[in-house]
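Read off the chains here:
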Amino acid sequence: IEVDLPLLDQFIEKNPELKAEYDNYLQKLFAEVKSEKQLKEIFALRDSMINHMVEPMVNYFDMANGEDAEIDYTQLEKLDAELVSIGILCVYAEGMMLALDRAEILEDEIEKVASEPYKLYLAFNQAHANSMGGEYPFMDLSENINVVKYGAELMEKFPESEYWKEVESIFNTNLSLF
């Protein structure tokens with residue numbers, strides 16, 4: 001598959017243990033999506049990539065800002081954009097990259113093939129990811145409001161769903177902010 005992600009490819013070269021999973025994820029991500037099952041598989045692969053990439057990526061960003069900097073800050077911004085283009089969000093706080101989370105991808109496919117509870121679950125998770133990080137956590141609570149909104153709708157319409165059970169704790173934490 002031809003995808004123009006030069007900085008991400010460079011990062012993967014420095015972390016060869018991620019290559020097979022990365023290649024598999026890109027293959028699935030850019031294939032035609034025809035079912036909710038396929039979406040779930042893609043998002044599970046993304047979550048796995050995030051879990052396996054987070055520590056090496058944080059270290060990579062740290063090294064880029066250290067004395068032995070390998071890349072400059074502009075390239076870090078480009079790497080950040082490459083990650084977002086494949087559904088991975090860099091989470092920053094006080095100018096430091098500290099985690100990876102989910103970025104929006106496959107919106108049209110979600111709209112076409114996902115069930116209503118799964119759409120709410122994905123919207124909830126995206127709002128939660130968007131609420132992470134920031135310079136001052138209580139300065140902008142708009143995404144936390146969205147977490148509560150999507151969680152409340154999921155609880156009201158689909159209380160017995162696997163999705164509600166999975167997000168209930170995060171929903172309660174965000175609700176307690178208000």
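Residues numbered from 1 in each chain as written. Predicted model: local features only at pLDDT ≥ 70, side-chain atom pairs only at ≥ 80, totals over all residues. Heavy atoms only, no water.

Engineer: Any chance you could break down the packing of aromatic side chains for me, citing the residues and the numbers?
Structural biologist: What characterises a pair of aromatic rings is the spacing of the ring centres plus the angle enclosed by the ring planes. By the definition in use, this model includes four aromatic pairs. Here the aromatic rings of Y118 and Y163 are separated by 5.4 Å at their centres, their planes lie at 45°, and the arrangement is tilted. Of this pair, Y118 sits in helix α6 (residues 116-131) while Y163 sits in helix α8 (residues 162-176); the two residues are 45 residues apart in sequence, bridging distant segments of the chain. Accessibility classification places Y118 together with Y163 in one group, the buried group. Ring pairing ties together the aromatic residues Y118, Y121 and Y163, which thus form one cluster. Just above the ring of Y118 sits the side chain of K40; from NZ or CZ to the centre is 5.3 Å. (Phe/Tyr/Trp six-rings, centres within 6.5 Å; stacked < 30°, edge-to-face > 60°. Helix = DSSP H or I, 4+ residues; strand = E, 2+ residues; numbered from the N terminus. Buried < 20%, exposed > 50% of the residue type's maximum accessible area, 1.4 Å probe, protein only. Lys NZ or Arg CZ within 6 Å of the ring centre and 35° of its normal.)

Engineer: How would you explain the packing of helix α7 (residues 142-157) against α8 if you had to name every residue and give the values?
Structural biologist: At a minimum axis distance of 9 Å, the contact between α7 and α8 shows a crossing angle of 140°. Regarding the angle of α7 to α8, the classification is oblique. α7 and α8 meet at a crossing whose hand is left-handed. Across the interface between the two elements, N144, V147, V148, G151, A152, L154 and M155 from α7 touch Y163, W164, V167, I170, F171, N174 and L175 from α8. Here the contact of α7 with α8 is composed, by residue class, of 11 nonpolar, three polar and no charged. (Axes fitted to C-alpha atoms, helices over the stretch in contact; angles between N-to-C directions. Parallel < 35°, antiparallel > 145°, perpendicular 65-115°, else oblique. Left-handed = near helix turned anticlockwise from the far one by under 90°. Contact = heavy atoms within 4.5 Å. Nonpolar A, V, L, I, M, F, W, Y, C, P; charged D, E, K, R; others polar.)

Engineer: Describe in detail the pairing of strand β1 (residues 88-93), supporting the description with residues and values.
Structural biologist: Looking along a regular strand, one sees the side chains alternate between the two faces of the sheet. With respect to burial, β1 is a largely interior element, five of its six residues being buried. Sheet topology places β1 next to strand β2 (residues 96-102); six bridges connect them, and they run antiparallel. When the bridges of β2 are listed, I88 appears paired with R102. The turn linking β1 back onto β2 is made up of two residues, and E94 within it adopts a positive phi angle of 50°. (Pairing = 2+ DSSP bridges.)

Engineer: Describe α7, with residues and values.
Structural biologist: For α7, with 16 residues, the first-to-last C-alpha span of 23 Å sits near the 22 Å given by 1.5 Å per residue. Of the residues making up α7, those classed as buried are N144, V147, V148, G151 and L154. Along the axis of α7, the buried residues cluster in a sector spanning 135°; they form a single face. On its buried face, α7 sits against α6 and α8. (Expected span 1.5 Å × (residues − 1). Arc of directions from axis to C-beta.)

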